[in-house]
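Spelled out from the first residue to the last, the chains are:
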Amino acid sequence: MASHGVRGRSGGRPTLEEVAARAGVGRGTVSRVINGSPRVSEATRAAVEAAVAELGYVPNTAARALAANRTDAIALVVPEPETRFFTEPYFSDMLRGVGAALSDTEMQLLLIFAGSDRERQRLAQYLAAHRVDGVLLVSVHADDPLPDMLSQLEIPAVISGPRSADETLTSVDSDNYGGARQAVEHLISRGRRTIAHITGRLDVYGAERRVDGYRDALREAGHPVDELLIEPGDFSEDGGRRAMEALLERRPDLDAVFAASDVTAAGARQALREAGRRIPDDVALVGYDDSAIARHMEPPLTSVRQPIEEMGRAMTDLLLAEVADRRPSATRELERRQMVLATELVERASS
């Protein structure tokens, strides 16, 4: 018996037919068991699983995927420079969530950068050949052509945050508007009156919504919205430093800053210290993301926690559901989902 547990009758890898013969069932029954079909009795399932174990049968996933017109692979596409991906905690947290969602599946994950025109052209050719079953698209800008290209190719796709209020693709985002309101309301409750905002890239819808939340929180508290207290940033540390320097030059009387990311807040902190401003005594500082940067900053940074890892898991779950849905694209169009996850203010010593 032991000699049959390693190789099939041909001396090569055991086949589906040999598993069926060992279990005393048909080939189709074995296939249903391997694919997890519920239309099999427990006794039959046990017999097939025992035969699989005895013969050492390994399913040919490539053949199964080919027969189903699938690749068993999805792509995580990042339309940003590689340096940003590897330096900002947002992306590593997102990747962790995607990996967790795929851990119990047979799907492979491809990481593709598309920050330059050449990379985008290469990606377009790759996707046009339908070499992946679906795409996760993160850090999408308003004028990014990739989402529309995915729609034209009828490739299932989920994006991390809509491009606008009229987004047509399925998306997962955090409550950027509500998170910004939490940050500003917290600063007002601490007695701060001249509150500046360093924005993210304003061609990102989430950054726009944070500006909206900042403005509305001030208005509802009876504070005027001073456009001189709003300085564009780009989510980077260097951008945060430059923006803070500009704000201090224009409004040296400011007593609080809400930064669009923790990385941006780190740059703002550097500029404040160089200007001799103490945090939080002279200027309170609040970031966004609640990344490791916030916890390790001195003083520790108050920050709006967005559940980035959970966003990655949710994006992946939604994409896998779309991949499994073999209906025509036009039929699925009405069911596009816009999921928004709650944020939470984490108070620390910086405010």
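Criteria and cut-off values
Residues numbered from 1 in each chain as written. Predicted model: local features only at pLDDT ≥ 70, side-chain atom pairs only at ≥ 80, totals over all residues. Heavy atoms only, no water. pLDDT = per-residue confidence, 0-100. Contact = heavy atoms within 4.5 Å. Pairing = 2+ DSSP bridges. Helix = DSSP H or I, 4+ residues; strand = E, 2+ residues; numbered from the N terminus. Axes fitted to C-alpha atoms, helices over the stretch in contact; angles between N-to-C directions. Salt bridge = Lys/Arg side-chain N within 4 Å of Asp/Glu carboxyl O. Parallel < 35°, antiparallel > 145°, perpendicular 65-115°, else oblique. Left-handed = near helix turned anticlockwise from the far one by under 90°. Nonpolar A, V, L, I, M, F, W, Y, C, P; charged D, E, K, R; others polar. Expected span 1.5 Å × (residues − 1). Buried < 20%, exposed > 50% of the residue type's maximum accessible area, 1.4 Å probe, protein only. Phe/Tyr/Trp six-rings, centres within 6.5 Å; stacked < 30°, edge-to-face > 60°. Core = buried A, V, L, I, M, F, W, Y, C linked by side-chain atoms within 4.5 Å.

- The protein appears in an unreviewed UniProt entry as LacI family DNA-binding transcriptional regulator from Streptomyces tunisiensis.

A closer look at the confidence of the model for the protein
Link 1 in the chain: Residues of the protein with pLDDT of at least 70 account for 89%, and the chain-wide mean is 88.
Link 2 in the chain: Confidence over residues 1–10 falls short of pLDDT 50; this stretch has 18 contacts with residues more than four positions distant or in other chains.

Observations regarding the sheet that holds strand S11 (residues 338–341)
Link 1 in the chain: Strand order in the open sheet made by the six strands is S2-S1-S3-S4-S5-S11, with parallel pairing throughout. Of all the strands in the sheet, just strand S2 (108–113) and S11 have a single pairing partner and so form its edges. Each strand of the sheet is rotated relative to its neighbour by a mean of 20°, with strand direction disregarded.
Link 2 in the chain: Contacting strand S1 (73–78), strand S3 (134–137), strand S4 (157–159), strand S5 (170–174) and S11, helix H14 (residues 308–324) crosses the sheet at an angle of about 170° to S5.

Section: the pattern of salt bridges
Link 1 in the chain: Throughout the structure, instances matching the rule amount to 27 salt bridges.
Link 2 in the chain: A salt bridge links Glu-245 to Arg-241, with the shortest nitrogen-to-oxygen separation between them at 3.2 Å. Taken together, the positions of Glu-245 and Arg-241, both in helix H11 (residues 237–250) and four residues apart, correspond to about one turn of that helix.
Link 3 in the chain: Several salt bridges converge on common partners, so that one network encompasses Asp-93, Arg-96, Glu-309 and Arg-313.

Examining the packing of helix H6 (residues 89–102) against H14
Link 1 in the chain: At a minimum axis separation of 7 Å, H6 and H14 run at an interaxial angle of 45°. In terms of orientation, H6 and H14 fall into the oblique class. Pair H6 / H14 crosses with right-handed handedness. In this structure, H6 contributes Tyr-90, Asp-93, Met-94, Arg-96, Gly-97, Val-98, Ala-100, Ala-101 and Leu-102 to the contact, and H14 contributes Ile-308, Glu-309, Met-311, Gly-312, Arg-313, Met-315, Thr-316, Asp-317 and Leu-320.
Link 2 in the chain: By residue class, the composition of the contact of H6 with H14 is 10 nonpolar, three polar and five charged.

Here's the deal with the environment of His-141
Link 1 in the chain: As for its placement among the helices and strands, His-141 is situated in the loop between S3 and helix H8 (146–152).
Link 2 in the chain: On a C-alpha basis, the gap between His-141 and Leu-202 in space is 8.7 Å, while along the polypeptide they are 61 residues apart.
Link 3 in the chain: Those residues in contact with His-141 that lie beyond four places of it in its chain are Pro-79, Glu-80, Arg-163, Arg-201, Asp-203 and Val-204.

With respect to H14
Link 1 in the chain: Compared with the 24 Å implied by 1.5 Å per residue over 17 residues, the 24 Å span of H14 between its first and last C-alpha is a close match.
Link 2 in the chain: Within H14 the residues assigned to the buried category are Ile-308, Met-311, Gly-312, Ala-314, Met-315, Thr-316, Leu-318, Leu-319, Leu-320, Glu-322 and Val-323.

Comments concerning the packing of aromatic side chains
Link 1 in the chain: What the rule picks out here adds up to six aromatic pairs.
Link 2 in the chain: Relative to Phe-113, the ring of Phe-85 has its centre 5.2 Å away and its plane inclined at 85°; by these criteria the two rings are edge-to-face. A residue pair is termed long-range when its members are at least 10 positions apart, and Phe-85 in helix H5 (residues 82–87) and Phe-113 in strand S2 qualify at 28 residues. Neither residue differs from the other here; Phe-85 and Phe-113 are each classed as buried.

Overview of the sheet that holds strand S8 (residues 256–259)
Whether parallel or antiparallel, the strands of a sheet pair through hydrogen bonds between backbone atoms.
Link 1 in the chain: Pairing in this open sheet of six strands is mixed, and the strands run S7-S6-S8-S9-S10-S12 from one edge to the other. With partners counted over all chains shown, the strands left at the sheet margins are strand S7 (230–231) and strand S12 (344–346), one partner each.
Link 2 in the chain: Relative to S12, strand S10 (residues 302–305) runs antiparallel, the two being bridged by three bridges. If you follow Val-304 over to S12, its bridge partner there is Leu-345.

Some details on the side chain of Thr-194
Link 1 in the chain: Its location among the elements puts Thr-194 in the loop between helix H9 (176–189) and strand S6 (195–198).
Link 2 in the chain: Non-local contacts of Thr-194, meaning those with residues more than four positions away in its chain, are made with Leu-229, Arg-251, Asp-253, Leu-254, Asp-255 and Ala-256.

Observations concerning the nonpolar core
Link 1 in the chain: Val-184, Ile-195, Tyr-214, Met-244, Leu-254, Val-257 and Phe-258 are the most contacted members of the largest nonpolar core, which totals 38 residues.
Link 2 in the chain: When contributions to this core are tallied by element, the ones reaching two or more residues are H9, S6, helix H10 (205–220), H11, S8, helix H12 (262–274) and strand S9 (284–289).
Link 3 in the chain: If we ignore the near neighbours within four places in the chain, the residues touching Tyr-214 are Ala-180, Val-184, Ile-195, Ala-196, His-197, Leu-229, Ile-230 and Phe-258.
Link 4 in the chain: With 24 residues, the next largest nonpolar core counts Ile-74, Tyr-90, Ala-314 and Met-315 among its residues.

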